[in-house]
Amino acid sequence: MALIDYSKYPFLKSLEDELKKYGSSITIKDLLITSKEKLDEARSRIENVMKEKFNVPYSQLHGDTVLTFYLSLLILSALGSKILAEKFVENEVNVFKSQLMMEKPDVVVEIAKILGINVNTDEIELREYQSKKIRSIRLPFAINFVEYLKYSKELRKRDEKFSLRKHVLQKGNVYLDKNELVDLITDKIRERIMNIIKQIQLTDIPEEIKKLADEIKGRKTPPCIMELMKKKESLTQEEKKILLTYIIDIGADTRDLAPEEIVKETKKARVIVYSCERLKELGLCVNDCGVKNPLQLYYGKLL
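For the structure given in this document, a descriptive report is provided here. (Residues numbered from 1 in each chain as written. Predicted model: local features only at pLDDT ≥ 70, side-chain atom pairs only at ≥ 80, totals over all residues. Heavy atoms only, no water.)

### As for the pattern of salt bridges
To keep things clear, this is the line we draw: Think of a salt bridge as a Lys or Arg side-chain nitrogen and an Asp or Glu carboxyl oxygen that are within 4 Å of each other. Helix and strand labels come from DSSP, where a helix needs a run of H or I of at least four residues and a strand needs a run of E of at least two; each type is numbered from the N terminus. Buried residues are those whose accessible area, probed at 1.4 Å on protein chains only, stays under 20% of the maximum for their type, while exposed residues exceed 50% and partly exposed ones sit between those limits.
For the structure on display, the rule yields 24 salt bridges. Measuring nitrogen to oxygen at the nearest pair gives 3.0 Å for the salt bridge that ties aspartate 40 to lysine 36. Pair noted here: aspartate 40 and lysine 36 are both in helix α3 (residues 36–50), with a separation of 4 residues, about one helical turn. Looking at lysine 36, the relative accessible area reads 57%, which means it is exposed. When the shortest N-O distance is used, the salt bridge between arginine 190 and aspartate 187 registers 2.9 Å.

### Structural notes on the nonpolar core
Put simply, the rule is: We call a set of buried Ala, Val, Leu, Ile, Met, Phe, Trp, Tyr and Cys residues a nonpolar core when their side-chain atoms join them within 4.5 Å. Here, two residues are considered to be in contact whenever any of their heavy atoms come within 4.5 Å of each other.
Residues Leu73 and Ile185 are the most contacted members of the largest nonpolar core, which totals 66 residues. Here this core gets 11 residues from one element, more than from any other, and that element is helix α4 (residues 65–79). Other than its neighbours up to four places away in sequence, leucine 73 contacts Phe88, Ile193, Ile196, Ile197 and Ile200. Counting 14 residues, the second largest nonpolar core, distinct from the first, contains Cys224, Leu235, Ile250 and Val273.

### Describing the packing of helix α5 (residues 82–100) against helix α9 (residues 178–199)
Helices that pack against each other are described as a pair by the angle of their axes relative to one another and the distance between those axes. Spelled out, the test is: Angular values range over 0 to 180 degrees, each being the angle between N-to-C directions of two axes fitted as lines to C-alpha atoms, with helices fitted over their stretch in contact. Here a crossing is called left-handed whenever its near helix is offset anticlockwise from the far helix by less than a right angle, and right-handed whenever the offset is clockwise. Three residue categories are used. Nonpolar comprises Ala, Val, Leu, Ile, Met, Phe, Trp, Tyr, Cys and Pro, charged comprises Asp, Glu, Lys and Arg, and polar comprises the others, including Gly.
Viewed as axis vectors pointing N to C, α5 and α9 meet at an angle of 145°, and their least axial separation amounts to 9 Å. Crossing geometry of α5 relative to α9 is assigned as right-handed. Packed against α5, whose contacting residues are Ala85, Glu86, Val89, Glu90, Glu92, Val93, Phe96, Lys97 and Leu100, the element α9 presents Lys178, Val182, Asp183, Ile185, Thr186, Ile189, Arg190, Ile193, Met194 and Ile197 at the interface. A per-class count over the contact of α5 with α9 returns 11 nonpolar, 1 polar and 7 charged.

### Here's the deal with the packing of helix α11 (residues 223–231) against helix α12 (residues 237–249)
Rules: Should an angle fall under 35 degrees it is called roughly parallel, over 145 degrees roughly antiparallel, and 65 to 115 degrees roughly perpendicular, with every other angle called oblique.
Where α11 contacts α12, the axes come no closer than 10 Å and their chain directions differ by 120°. Classed by the angle they form, the pair α11 and α12 counts as oblique. For the pair α11 and α12, the crossing hand works out as left-handed. Contacts between α11 and α12 involve Ile225, Leu228, Met229 and Lys231 on the former and, on the latter, Glu239, Ile242, Leu243, Tyr246 and Ile247. Here the contact of α11 with α12 is built from residues that sort into 7 nonpolar, no polar and 2 charged.

### Looking at the sheet that holds strand β3 (residues 141–144)
Our working definition: When DSSP finds two or more bridges between a pair of strands, those strands are recorded as paired.
Pairing is antiparallel in the open sheet, where 3 strands are placed in the order β3-β5-β4. The sheet is open, and its two edges are formed by β3 and β4 (168–170), each paired on a single side. Mean inter-strand twist for the sheet, computed between neighbouring axes without regard to direction, equals 35°. Pairing of β4 with strand β5 (residues 173–176), which is carried by 3 bridges, proceeds in the antiparallel orientation. Its bridge partner being in β5, glutamine 170 is matched across the sheet by asparagine 173. Sitting on the sheet, α9 is in contact with β3 and β5, with an inclination near 110° to β5.

### Points about unusual backbone geometry
The phi angle at lysine 171 is positive, at roughly 50°, despite the residue not being glycine. Within the secondary structure, lysine 171 sits in the loop between β4 and β5. The class for lysine 171 is exposed, based on a relative accessible area of 66%.

### Brief notes about the packing of aromatic side chains
The cut-off we apply is this: Think of it this way: a Phe, Tyr or Trp ring, Trp meaning its six-membered ring, pairs with another when their centres are within 6.5 Å, and the plane angle makes it stacked under 30 degrees, edge-to-face over 60, tilted otherwise. The criterion is that NZ of a Lys, or CZ of an Arg, lies within 6 Å of the ring centre and within 35 degrees of the ring normal, and then a charge sits over that ring.
This structure, assessed with the given rule, holds 6 aromatic pairs. Residues tyrosine 9 and phenylalanine 11 carry aromatic rings whose centres are separated by 6.2 Å and whose planes lie at 75° to one another, so their mutual orientation is edge-to-face. Taking relative accessible area as the criterion, tyrosine 9 reaches 0% and is therefore assigned buried. Look at phenylalanine 11 and you get buried, because its relative accessible area is 1%. The interplanar angle of 10° and the centroid separation of 5.7 Å between the aromatic rings of tyrosine 58 and phenylalanine 96 together place this pair among those described as stacked. Note that tyrosine 58 is positioned in the loop between α3 and α4 and phenylalanine 96 in helix α5, a separation of 38 residues in sequence. Note on accessibility: tyrosine 58 and phenylalanine 96 belong to one class, buried. Three or more aromatic residues link up through ring pairs in this structure, and these residues are Tyr9, Phe11, Tyr58, Phe69, Tyr70 and Phe96. Its end group placed over the ring of tyrosine 274, arginine 278 keeps NZ or CZ at 5.6 Å from the ring centre.

Given below as structure tokens:
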């Protein structure tokens, strides 16, 4: 079995297992008292995403990287921004992808198996002619074609290069190079992290982290939204739609804005409030706030 450095891939360990290292009765709340450095690291990773900066690999952090990773997810859950969560996860996925590309094949295979990808090292070598020269291509990884179709389901929707006809199929197996296997793995990592975030309940989040999330958010109501709130009964249909969308986006109470049926339909559509540029076109912008979307003021430029 390959030796995996779990400090580089903290998503492979559960928070529950990590806490057991500190004692059977230790909780995340207890650790927060003595883990200010880890909390600062977690906050920094989120703020980097807000500033559209890439995070450093976890291998460059010191100490317990698993704790830093899970604190980041708790802060994200407290922030309550789906858009930020998706951007953060994508940033982390890219970090893990760059690390995986530097790993030895046996480590990559072992991580794939932990994530539920049944892969083996049944290598084949192909030869093709290019400009009267023979080029050798090695495909070191093999996955049963039925399982490959299952693993690549979402990827095939996004990019044709993952379709079965783009791959070598022999003896019932799909053969892959390292790049292709890492793509499958990172898609699983993306799914795993998003699922962890979704499973975090508000009651699971310590008050210290909720306060930190409020600091990050800023919670400033955009001037254009404040003007719409003042108009109340005189709102046009378009203005009502904008206000309702904004209220849904920030997770506030919608009971006084629209019937439950309309609220459900709006949520199902998964739209976000108009950009500042569009609001200017509609004559609803009342101040140059220096942002591209009203939500950036509420969420502290999380978008």
